[in-house]
Amino acid sequence: LALLGAGWGSSAAAQEDAERLVLRAVDAREQDEVKVAVSYSGDGGALDDLVLRENGDEVDATIQTAADAGFRNDVVFLVDSSTSTDANALLSSVEAALRDFVADLPAGMRVSIVTAGAAAQVLQPLTTDVAKLQEAITDLTPGGEGGVLAGILQSAGRVDATGSIGTVVLFTDGAENEGVGPSIA
């Protein structure tokens, strides 16, 4: 049994809360070598004392980073770019947050940026290239009525399920615009 730690779980929000261990993926294709991928908000050294149990019995565990075990971290940022996001300054707040995140992009993490304005649009496919990501962030502009459902579908299709720990992060103001309402979605 191998336990894998994804080394990018130390967000500001996680540091304010208690330390958290989050199950991210399980690879049980080989019964004698099950791999568990986690993210952890605390000091990575604390994982050395982690006890893993299976059916109540303690199991020896080897701790590796997700990258060392062959997992990639793929994150798709889905940005609601409908007209209302300009009126309430959400879009400018999202741009600033994305710029900060991309500036400190963890090694090996691939990021994609998708917008949901008049229609869902991929501004940047998955990449590790910080310059391309910064350029895509610059291209965020408000417009349209917010095709968030189409954006979710587009974003889910961006994540490579093979060898990847995929995450979709949605930024939205939650304003209901014309189109598909929540009861239909």
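Residues numbered from 1 in each chain as written. Predicted model: local features only at pLDDT ≥ 70, side-chain atom pairs only at ≥ 80, totals over all residues. Heavy atoms only, no water.

For the rest of this paragraph, the subject is the overall build of the chain. Secondary structure assignment for the chain yields five helices and ten strands. The buried share of the chain, reckoned over its 185 residues, is 33%. Restricting the contact set of the chain to residue pairs at least 6 apart, pairs at least 24 apart contribute 70%. Per element, the accessible surface of the chain, about 10,400 Å² overall, is 48% carbon and sulfur. (Helix = DSSP H or I, 4+ residues; strand = E, 2+ residues; numbered from the N terminus. Buried < 20%, exposed > 50% of the residue type's maximum accessible area, 1.4 Å probe, protein only. Contact = heavy atoms within 4.5 Å. Areas by Shrake-Rupley, 256 points an atom, 1.4 Å probe, with all protein chains shown as cover.)

With that settled, the discussion passes to the sheet that holds strand β9 (residues 120–127). Across a sheet, paired strands are connected by hydrogen bonds in the backbone, their directions being either parallel or antiparallel. The strand order across the open sheet formed by four strands is β9-β8-β7-β10, and the pairing between neighbours is mixed. Whereas interior strands pair on both sides, the edge strands pair on one side only; in this sheet they are β9 and β10 (164–171). Sheet twist, expressed as the mean angle between neighbouring strand axes with direction ignored, is 15°. Both strand β7 (residues 72–80) and β10 contribute to a ladder of eight bridges, which runs parallel. (Pairing = 2+ DSSP bridges. Axes fitted to C-alpha atoms, helices over the stretch in contact; angles between N-to-C directions.)

Of all hydrophobic cores here, the largest spans 16 residues; its most connected members are V79, L98, V111, I113, L133, I137 and L140. Taken together, the elements giving at least two residues each to this core come down to β7, α3 (90–103), β8 (110–116) and α4 (130–138). Per-element tally for this core: the top contributor is α3, with five residues. Once residues lying within four places of it in the same chain are set aside, the contact partners of L140 are V79, L91, E95, L98, I113, T115 and L123. (Core = buried A, V, L, I, M, F, W, Y, C linked by side-chain atoms within 4.5 Å.)

Okay, the packing of aromatic side chains next. Summed over the entire model, instances satisfying the criterion amount to two aromatic pairs. Plain terms: the ring middles of F77 and F101 are 5.3 Å apart, the flat faces sit at 75° to each other, and that makes the pair edge-to-face. Of this pair, F77 sits in strand β7 while F101 is found in helix α3, placing the two residues 24 residues apart along the sequence. (Phe/Tyr/Trp six-rings, centres within 6.5 Å; stacked < 30°, edge-to-face > 60°.)

Counted according to the given criterion, the structure contains one salt bridge. The partner of D74 in a salt bridge is R110, and the shortest N-O contact between them spans 2.8 Å. Taken together, the residues D74 in strand β7 and R110 in strand β8 connect sequence positions 36 residues apart. (Salt bridge = Lys/Arg side-chain N within 4 Å of Asp/Glu carboxyl O.)

On to the packing of α3 against α4, then. The description of two helices packed together rests on the angle between their axes and the distance between the axes. Two numbers describe how α3 lies on α4: the axes approach to 10 Å, and their chain directions differ by 180°. Comparing their axes, α4 and α3 come out roughly antiparallel. Along its contact with α3, which presents E95, L98, R99, V102 and A103, the element α4 presents V130, L133, Q134, I137 and T138. In terms of residue class, the contact of α3 with α4 is built from six nonpolar, two polar and two charged. (Parallel < 35°, antiparallel > 145°, perpendicular 65-115°, else oblique. Nonpolar A, V, L, I, M, F, W, Y, C, P; charged D, E, K, R; others polar.)

The element β7 is largely enclosed, with a buried count of eight among its nine residues. Bridging between β7 and β8 involves seven bridges; their strand directions are parallel. Considered in β8, the bridge of V76 is made with S112.

Before going further, it helps to examine a negative patch on the surface. Side chains of E19, D43, D48 and D49 sit close together on the surface and give a patch of like negative charge. Within the secondary structure, E19 sits in the loop between α1 (12–16) and β2 (21–27). (Patch = residues over 30% accessible without salt bridge, like charges linked within 9 Å, V, L, I, M, F, W, Y side chains within 5 Å. Lys, Arg positive; Asp, Glu negative; His and termini not counted. Charge placed at Lys NZ, Arg CZ, Asp CG, Glu CD.)

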